[in-house]
Amino acid sequence: MNESQRQSLLSAIAISSGIAGFTNITPQQRADAFTNLEQFKSYPGRVAACVEMIGCDSLQFATANGNTADATVPGKLYALGVIQEFLKVGYNGLNDSDRGQLRVSIVTAARQLAMPSEADASIIKMDESKRILAMKIAVLLADLATREFPQRWQTFVTDLFAPVSSGGIWCEPGADAGANTIGVKICLECLKLITEDCTDSDFNAKISTVRRNDILLGFNEVTHQILPLLFELLSKQYGDLNNAKNTLTQMNQYLASSGRTTAQMSPEERAQYQIQLDKRDAAGAILADELGTIEKFCQSMPLDWMFKVENGVDFVAALLHLLQEDVAKIQVLSVACLQQLALRKLDPDQWFRVISSLPSALFEASQASAKRASERGIDPNCIEMLVEQLDYHRSLSKMGSMLVTCHLAHITADKDVSSGKGPKFEAVSRYLRLLSEMMSHQSGVICGEQINMWVGLLRDPAIVRTNVLSPHLSRVLNAYMTHVVKIRWDDVWDQNHPYSSLIEASWDDDDEYHEWLGNLRSKASQLFRAIGSTEPEIASTAIHLKVRTLLNAHSSGEPRDQLNPENNELTIHSTPCQEFEGVTQPLDNILHGIPSWALDNGSYDEKRTRIRNTIRPLLSELANLIVAWNPNDIWLKFRRTTLLEALKHYWKYDPATLPTGVDSLLMYLSVTDNPPKDRLSEDVVGLRKKSGVSLVAVAKKVPDLLVPWLSQLSERAKSLLSSGGMSPVNEMHLYEFLSCVATAVENPVDRSNFIADVLGSSIRILESPEIQNSITSVEGLLSFLGIAQAASNPASVTDPTFVKKVTKDFEMLFSSLNQLLSVGKRCHEAAKKRPNGGLPLQNLSATVDDTCNFPDEGPVGINELVINDPFVPLWPKILPTVLKVMDVTLRVWHPECQASLLQNNIQRYAVAISDDEAFLATKQDGSVKGVFGEGGTAGSIVSGTDRRDLNLAPRWSGWFNESRNTCFQLLGLICMQRVIFAPELSHLYPQFVAVVANQEHLRSMEHRHFNQYLKQFIEIMMLSCPAPLYQSHLTAILGPVFEHLQYRLQYSWSPVLGAGSLGIESTRPMGSDNCMAAANQLASVGVDQWLIAYYARGGLFVGDLDNVTGEAAVEKARVELTRTYADMLQSTLALKGAWALVLANKAREDLALKRNDPSKLMSGPINKLANGKDYLNADGSKRTLAQLHIDARRLVRIDKLCHFLLLENEQIAGSLVVTIIQCLEYPDAYTCRRCTRIVHRILESVAWLDKYTELLGYRLLSAAVKAIVTEPKWMVGTEWDMINVIRDVYDRLVLGQYLLPGGQGPGLQMSRDPANSMMFEQTKVADKPLMGGGILTATSDFPRLILMEIGMSQEEVVATEKSLSEKRSAKEQKDVFRDLLRVAADKTKQAEGLNRGDNGVLDRAGAEESLLHGKLRQPTVSALPEKLVTYSMMKKKEGSNSPDPADGPWHGNIFD
């Protein structure tokens, strides 16, 4: 590069960087400058030119007006950037000489920058431009080191860490911070970057593993040269920092003694004062930089680097000492270093050293802070100091808790700690005391950082058995009970809160605070419960004192702040209400956690008896205080309701106050406003709802204790119901409450009669002529809901009288159905909790029948079912009505009815989605507060109005959803209760099938309807049906359903996949603007064609919803339907849910039997604790005798249902398998991954059948291969699952190999048939898919044909099969398929050319995310060819080979 080119380059750099001296630059000049700089990056001699530039002392050039301009800093930065880019792409191509010359040039540039000049001698502050240049050089040096050190750059340490005078870039011994230490900054940054690159997992792809290991080994060899320098620098700069601070203190004292302030200093004094400030800041900056590097060492480098004490070098002691220093946030950075050590796996000695030293170090730090506050003339504990030190305190709390959480084993394994005596016990106890005292901090974030630690300690049974926690739990409990009380953020904004500034420093805004509070409360529930369980005396004393104090202070509503101006009552934001709200969670969880021995009447040892005698009076007084409290304000009544609900855990042992408490809750169901209003206020409605929920919760917890008062409760309930004015929700709660109590009645007849009596009014409403007439026909239903009237009288939908009448009529119908559903569910749940587990057997045998001959697995009469479930006798009465409601509701969606409604401007909203469904289709975050909040979707379907208004139009969609879903759930309930299979209902079964499997209903349902239909009915029916009844009860329903699902899913996804006659535009939602055209199409194209477009848009009518949200709703409906189908099949094929747990339990039992180790059955998952006494399920729940019997029956059903679905009915099996194959092609990774699991189960069940060969060997394999070869983006992450499907198909159909269930394990090769060498012997488990299934004995050519279609020759296919036969492990076989599919993918990609786009999920994944090309990706920095041989390695080898190392050969000591 000649001088002219050099001048031109420097000019372009100056223009683009905007340095001083260049004004009035035109846009064209700037564009030309950028162009020149970009062109230079491709100039062949750019590296040599850049090396020359960075070696120059200055870079000057002549401007257009003849002046000289300086571009040294931007020029060198640009040159270094060019070199850095070259390192990534061209460095490996350099020879040894060029690499050495480049390295020397960069080190020389660093030394040139670090060389102190005479002018720099008096400069303390570091020049900002030099600092930037230093950082860039550090990056380059780090890049070079990762490529060269240690094999090719053996002088790394001397080049960098020697003083400048000795040829390095490190500062001279004793040099002050500032301009003279810029070389130190380069070295520290370089070390930091190298450590990050070589240890952080985020950079693993950048540097090869071998290279990283070589670098780390090299660093280990030179630590004795680097670490002392770092420690010396730490000591020197800390001393300079303290000297400067002491001098400043003396200056301030001098000024104060003369009655002056810093503002009144003379110019000479001000200059001297500024010098000391600069010295302090410069030393603090160097310390901060060094701590940043040390933090990386603490995170990843060997622990000896920090913990080893040698020749006065002790980094841990230094870090603890630096906790005193607040300049440049040194104390926060020191805590960060200690936190990284805390996250490491410290050995016991290291860990005990840290926890023993921290309390004294923090005491000294506290004294230093108090001294600084005293010098400033302020209180050390004032808010100003707390705000300044918040970051330090928060990081300290987090580090302290992590130090314990990551090393719980050191506490449990140490004998001193376990015995409760000795120095180590004292150290742990003193450390925990420090942490618990730290929680008295006024900011809740300090507590929040420790909660995981305390929960972890309390959950560890070995720690709980010691005395190490007990002394601290009272402080911990009180701290969390204080901070779970919500802060009123208005007081913070108005600066009325005593800690407003501290709160504002702790959280950015109220949203962040409330998110934090939600997380804290969630975790605190575990803490309160654990403390109640482990230390019931401490917990009971604390909660008793807390509640009594609150009642003494606020029971009458004082202070009466934040009042409602309408009635002068307290609001939710009033102080008493917030205080009581905060105590509810601790009370509920503590009472829940208290063990039974602390309250019951059992006989226990002296210690437990003493504790029980202390707890009982406290909790008795607590219960009496709450029950006797009778507040007047609505919100205080609400808070009392929550406290009464919490007492349910105590009432289980002492029901003395139970009747009074329940009576109070019943009384609150009829509470009204004061003064009374025409319409109940939201506060009263909320109180009523909460009272109902609390009643149900109490009844579920202690139903047996309420049985003696059942008649009185029934009379009270009838009185409330007859009084009128109760909302449907409250009526439902009352019914649930009574049904829960009734399930505890011992006599089945009395139980059943009571339930019938409770639900008598609901059944009578459903049987009333008005309801029956409304559900007889579509016209009747539309009239009943006010839809028909809207056609002739549009104003009727907003007429208040008419709206109220229609709403009341619908509530009457829906409430009756919902009450039946709610009570039925409660009864069924109670039946499952009975000793027989809900099985229609009086007594269960101690062992399970090995013959699997279960008399109850078949049609069981209602008289037998009623023994467990008192609800079942009601079904003959209510089923016909439920079927009518469901039938007439689904008929509204028949095409001809839809078309009629869509043509009317008001009636069309009856078939629209609701505002709530539109909200669920949007991307939700914490900023949107629900449907009716700001940013919600209320009023988006029927523009300008929502269901809260007196308008029928926005209510219809919700009403239809409620009635439809309630019917689906009732049908699921009748299946769960097995009543539908009872002989007494056999005469109704044809009617049942005619409704639930009606082809017109199936075709007309929207996707969202079909989702509920599958989840709430079809799946439950398949899981609940006894195995002998599959043919008689499932065939007529599942055949049409699976056949229709194939049709529906195909036409839902075909526009997305670009198949079929409809384009992607057909997936646009139907709204108010185009619904008329869609309705008119029905007559012109016919029903079948109309339904194809109907499925493409998910069947949705979105009303006035915006296009973006509407399209999101359509996409959500399509994807959810596919996922629901996959999840349903997973459940019924025992791949998830309760049936999968049965198989997991069986596997555990087989393992325990094989190893003769019953303890395997007493352990749960690693995240759940076990007591070692009870038998557990695989999920950690307790395993009962009833469950053993239930699981035995489920095991039979698992086998039989799989056989039924795939082998007994061609309509069901064909549709099911074809649909699953199609699902593998749909662009949804969730569905695809789950369908691969289903495919394995299908292969295990039917691969051995010839009639499935074409379907599995060609269609299935073709879909799987296509999904891999085309590499669509949506497949990223699921490729291995799909390759395993390919492997399973090929092994079973071609190679005569079968796999373990789920496509796991190696290929198990079957022998050739001795009678026919062209065939394989069949497996012994062909008819047992849960044990691996069978193979196709006669090899199929269909899979081979697929391989040839993707470009493989016959010889390659033969070679592949040979490789698969020799390498049968799962990994090896999958790697074989990946390699051959990669070749096919590359050919396909070349054939596609540029025809595919770059953005959609159907486009090809890039090489960086493709599984097929994963092995082709190479790290940026590869391993060096030179083998690393260090001094330590040779010494170790020499010591092992020779008794006398001195006699061995010379080995070279490159790091000595």
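Student: Can you help me understand the overall build of the protein chain in this one?
Tutor: The helix and strand tally for the protein chain stands at 63 helices and 6 strands. Here the protein chain has a C-alpha radius of gyration of 39 Å; the compact-globule value for 1456 residues is 35 Å, and the two agree. In terms of its C-alpha atoms, the protein chain occupies a principal-axis envelope of roughly 105 × 90 × 80 Å. Buried positions account for 53% of the 1456 residues belonging to the protein chain. Restricting the contact set of the protein chain to residue pairs at least 6 apart, pairs at least 24 apart contribute 73%. For the protein chain, the exposed area adds up to about 62,700 Å²; of that, 52% sits on carbon and sulfur atoms. Positive and negative charge centroids in the protein chain, built from 147 and 170 side chains respectively, lie 4 Å apart.

Student: Explanation requested: the confidence of the model for the protein chain in the structure shown.
Tutor: Interpretation of this model should avoid reading the predicted coordinates in detail wherever pLDDT is low. Overall, the prediction assigns the protein chain a mean pLDDT of 90, with 95% of residues at 70 or greater. The model gives residues 1394-1399 a pLDDT under 50, and that stretch makes 8 contacts with residues more than four places away or in other chains. For the stretch residues 1444-1456, pLDDT sits under 50, and the model shows 21 contacts to residues farther than four places along the chain or on other chains.

Student: I keep staring at the packing of aromatic side chains and nothing clicks. Help me out?
Tutor: Two numbers describe a pair of aromatic rings. These are the distance of the centres and the angle of the planes. Across all of its chains, the model carries 36 aromatic pairs by this definition. Taken together, Phe 149, Trp 153, Phe 156, Phe 161, Trp 170 and Phe 219 form an aromatic cluster joined through their ring pairs. Between the NZ or CZ atom of Arg 1234 and the centre of the ring of Tyr 1230, over which it lies, the distance is 3.6 Å. Sitting over the ring of Phe 1320, Arg 1312 keeps its end group 4.1 Å from the ring centre.

Student: Which parts of the structure should I look at to understand the packing of helix H60 (residues 1342-1349) against helix H61 (residues 1354-1366)?
Tutor: To describe two helices that pack against each other, one gives the angle between their axes and the distance between the axes. Remark: H60 packs on H61, axes separated minimally by 10 Å, with the N-to-C direction vectors making an angle of 125 degrees. One finds that H60 runs oblique with respect to H61. Helix-helix and strand crossings are classified by hand; for H60 and H61 the assignment is right-handed. Contacts between H60 and H61 involve Arg 1344, Leu 1347 and Met 1348 on the former and, on the latter, Gln 1354, Val 1357 and Glu 1361.

Student: Looking at this structure, how should I read helix H29 (residues 634-646)?
Tutor: Given 3.6 residues per turn, any residue in an α-helix points the same way as the ones three and four places further on. Its 13 residues give H29 an end-to-end C-alpha distance of 19 Å, which sits within 8% of 18 Å, the value for a rise of 1.5 Å per residue. By the criterion of burial, H29 is predominantly enclosed, with 13 of the 13 residues buried.

Student: Hey, could you run me through the side chain of Asn 836 in this one?
Tutor: One can find Asn 836 in the loop between helix H41 (800-832) and helix H42 (862-865). Polar contacts involving the side chain of Asn 836 include one to the main-chain carbonyl oxygen of Leu 841, which spans 2.9 Å. In this structure Asn 836 touches Ala 831, Leu 841, Leu 844, Asn 868 and Ala 1186, once residues within four positions along its chain are discounted.

Quick notes on the rules
Here the residue numbering is sequential within each chain, running from 1 through the sequence in written order. Local features are withheld for residues below a pLDDT of 70 in this predicted model, meaning they are given only at 70 or higher, and side-chain atom pairs are given and counted only at 80 or more; totals for whole chains, interfaces and linings count all residues. The side-chain numbers reported here are obtained from all heavy atoms of the structure, hydrogens and water having been left aside. Counting from the N terminus, the helices are the DSSP runs of H or I reaching at least four residues and the strands are the DSSP runs of E reaching at least two. We take the radius of gyration over the C-alpha atoms and set the globule estimate at 2.2 Å times the residue count to the 0.38 power. Partly exposed describes any residue whose relative accessible area lies between the buried limit of under 20% and the exposed limit of over 50%, with all areas from a 1.4 Å probe on protein chains only and scaled to the type maximum. By definition in these notes, contact holds between two residues if any of their heavy atoms fall within 4.5 Å. Here the accessible surface of atoms and residues is derived via Shrake-Rupley with a 1.4 Å probe, and residues count as covered only by protein chains that are part of the display. Lys and Arg are tallied as positive, Asp and Glu as negative. Neither His nor the chain termini are counted. For this purpose, a charge sits on NZ of Lys, CZ of Arg, CG of Asp or CD of Glu. Scored from 0 to 100, pLDDT records how confident the predictor is in each individual residue. Only rings of Phe, Tyr and Trp enter the pairing, Trp through its six-membered ring, and a pair is recorded when the two centres are within 6.5 Å. The plane angle decides the type: under 30 degrees is stacked, over 60 is edge-to-face, the rest tilted. We call a charge positioned over a ring when the NZ of a Lys or the CZ of an Arg lies within 6 Å of the ring centre and within 35 degrees of the ring normal. Lines are fitted to the C-alpha atoms to define the axes, a helix being fitted only along its stretch in contact, and any angle between axes, read from their N-to-C directions, falls within 0 to 180 degrees. Comment on the angle field: the value is read as roughly parallel under 35 degrees, roughly antiparallel over 145, roughly perpendicular from 65 to 115, and oblique elsewhere. Left-handed is the label given to a crossing in which the near helix is rotated counterclockwise from the far helix by less than a right angle, and right-handed is the label when the rotation is clockwise. Given the number of residues in a helix, its expected span is that number minus one, multiplied by 1.5 Å. For the purposes of these results, a polar contact is taken to be a pair of N or O atoms within 3.5 Å, where, inside protein, one atom must be able to donate a hydrogen and its partner to accept one; residues adjacent in sequence count only when each atom of the pair is a side-chain atom.

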